[in-house]
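Chain by chain, the residues run as shown.
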Amino acid sequence: MREAVRSGRLTPGTRLPPYRSLAGDLGVARNTVADAYAELVAEGWLTARQGSGTRVAERVVAKPRRASGRVPDRKVGAVVHDLRQGQPDATSFPRAAWAASVRRAVTAAPHDAFAPGDPRGRDELRRALAEYLARARGVSASPDQIVVCAGFAHGLRLLFGGGVLPGPLAVEPYGLAFHRGILTDAGVRTIPLGLDEWGAQIGDLASHPGTASRRGARAVLLTPAHQFPTGGPLHPTRRAAAVDWARGRGGVVLEDDYDGEFRYDREPVGALQGLDPDHVVYLGSVSKSLSPAIRLGWMVLPPHLVDATLAAKGIREAWTGVTDQLALAEFIASGHYDKHIRRMRQRYRARRNLLVGTLAERAPHITVTGLAAGLHAVLRLPPGTEDSTVRAATRTGVALDGLALFRHPDSPQPHRDGLVVGYATPPDHRYRPALDALCRALPPSPDV
């Protein structure tokens, strides 16, 4: 903080967040922040007055650093407000509860936990996941059908890079380019489906029958609980149609349940896997619910795919860490995971509501969609304004993505301009300023 004042990043008169808010954002004790503030007040960097909070002292003048001869100006486009999708609130990671789970799990673990083990993953975690997924997501699975992996991307690499499933793969017309890159590297062609207000157009699967020279899709990748990134669940008739297609085709549905726990308008939509466990591969992880830094995910596989997936996983090199597996198993079994999900659901709902309210007040001409669940929303823009809006946001330090970034390059559907805005990442004391900066970057109403 001293360096931020010295360099001018915190300007004279800037009001600093209260002890409690900053302590929560940084994950440190409240007294730690209070002691730091008191020291900086004593040194003259800050001032503190009853009723007006703690501020940067007016007499402090930012000085250039001598090491480089000058303090470089903040580059245009440097990230000040991070509104990118897919990132949970890092300040809300349950440090104390997780540390306690690590301690209890490691203390109680049998000796064989620290020897070469089962490539499926630790039995403690697979049993905990089987119980949790059945209760919270409606997944039907025994622990023997669960293979622990390092996340959704790792699961894709095992299934397609390892030759467990053949291509081509039918996909939704919007998704992560990173995932398409994994499939391309594995030699798998992706076929984009159509998309409307009911979700992916499952009827398009019939348009890709096998021929003598070109095989049709034998698998389809869907985000049925909350289409990524446009939002909205897959309509019930299409959920049933996807399973019927897999049965008739002898194929599988890959279900990416990336944020299924975070639904705000009603109870979360149950997993598609429950309709037919023999034809659906269910994939999940803790990257949205807990932290992407904990590299843990899982695949719930039809029994006939388990052995091939384990063969693709190999001997130890592609395994995930035992300590994290044991800790997550204890975290789930103790009820801390459910408690954390409930707390974050409330937090993200409040973030979502503030985004909607701010836009309704300051940019009522902008339609917001995809609000029922997840950690992001889609802002529909006037035609032809997406690129210029992203550039305007970048110039003001707002990091976000245009909807076009997620569009499959072969999608036959016309693109609709939009922004994908994540509302989970900024700390509390930076969230309102982030929304202010976002509103300034939006195109004006056509009526103005």
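For clarity, every value in this text was computed on a predicted model and none was experimentally measured. (Residues numbered from 1 in each chain as written. Predicted model: local features only at pLDDT ≥ 70, side-chain atom pairs only at ≥ 80, totals over all residues. Heavy atoms only, no water.)

Novice: I'm lost on helix H3 (residues 30-43) in this one. Help?
Specialist: With 14 residues, H3 extends 20 Å between its outermost C-alpha atoms, agreeing within 8% with the 20 Å of an ideal straight helix rising 1.5 Å per residue. The set of residues buried in H3 consists of Val-33, Ala-34, Tyr-37 and Leu-40. All buried residues of H3 lie within an arc of 130° about the axis, which places them on one face of the element. Summarising the geometry of H3, the exposed residues directed more than 90 degrees from the buried face are Asn-31, Asp-35 and Ala-42. One or two positions beyond H3, positive phi appears at Gly-44, with a value near 95°. (Helix = DSSP H or I, 4+ residues; strand = E, 2+ residues; numbered from the N terminus. Expected span 1.5 Å × (residues − 1). Buried < 20%, exposed > 50% of the residue type's maximum accessible area, 1.4 Å probe, protein only. Arc of directions from axis to C-beta.)

Novice: Would you explain the pattern of salt bridges in this entry?
Specialist: Note that side chains of opposite charge can pair when their charged atoms are close. Tallied over the full model, the rule gives 21 salt bridges. Here Glu-124 ties to Arg-122 by a salt bridge, and the two come within 2.9 Å at their closest N and O atoms. One salt bridge in this structure joins Asp-428 and Arg-351, with 2.9 Å as the shortest N-O distance. In this pair, Asp-428 is assigned in helix H13 (residues 428-441) and Arg-351 in helix H11 (residues 336-362), connecting sequence segments 77 residues apart. Taking relative accessible area as the criterion, Arg-351 reaches 4% and is therefore assigned buried. (Salt bridge = Lys/Arg side-chain N within 4 Å of Asp/Glu carboxyl O.)

Novice: Explain the side chain of Arg-180 here, please?
Specialist: Mapping Arg-180 onto the fold places it in helix H7 (residues 177-185). Put simply, Arg-180 is tucked away with no salt bridge, and the nearest opposite charge, on Asp-410, sits 8.2 Å away. (Lys, Arg positive; Asp, Glu negative; His and termini not counted.)

Novice: What should I look at first to understand the sheet that holds strand E5 (residues 169-171) in this one?
Specialist: Note on sheets: strands pair through backbone hydrogen bonds, and any given pair is parallel or antiparallel. Ordered by their spatial adjacency, seven strands build an open sheet running E4-E12-E11-E10-E9-E5-E6, and the pairing between neighbours is mixed. A single partner strand is all that each edge strand has here, and the edge strands are strand E4 (146-149) and strand E6 (190-192). Going across the sheet, the axis of each strand differs from the next one's by a mean of 20°, ignoring polarity. Looking at chain direction, E5 and E6 are connected through three bridges and run parallel. Following the sheet pairing, Leu-169 is matched in E6 by Thr-190. Along the sheet face, helix H8 (residues 236-249) touches strand E9 (219-222), strand E10 (252-256) and strand E11 (280-285) and points at about 140° away from the line of E10. (Pairing = 2+ DSSP bridges. Axes fitted to C-alpha atoms, helices over the stretch in contact; angles between N-to-C directions. Contact = heavy atoms within 4.5 Å.)

The analysis is restricted to geometry; functional conclusions fall outside its scope.
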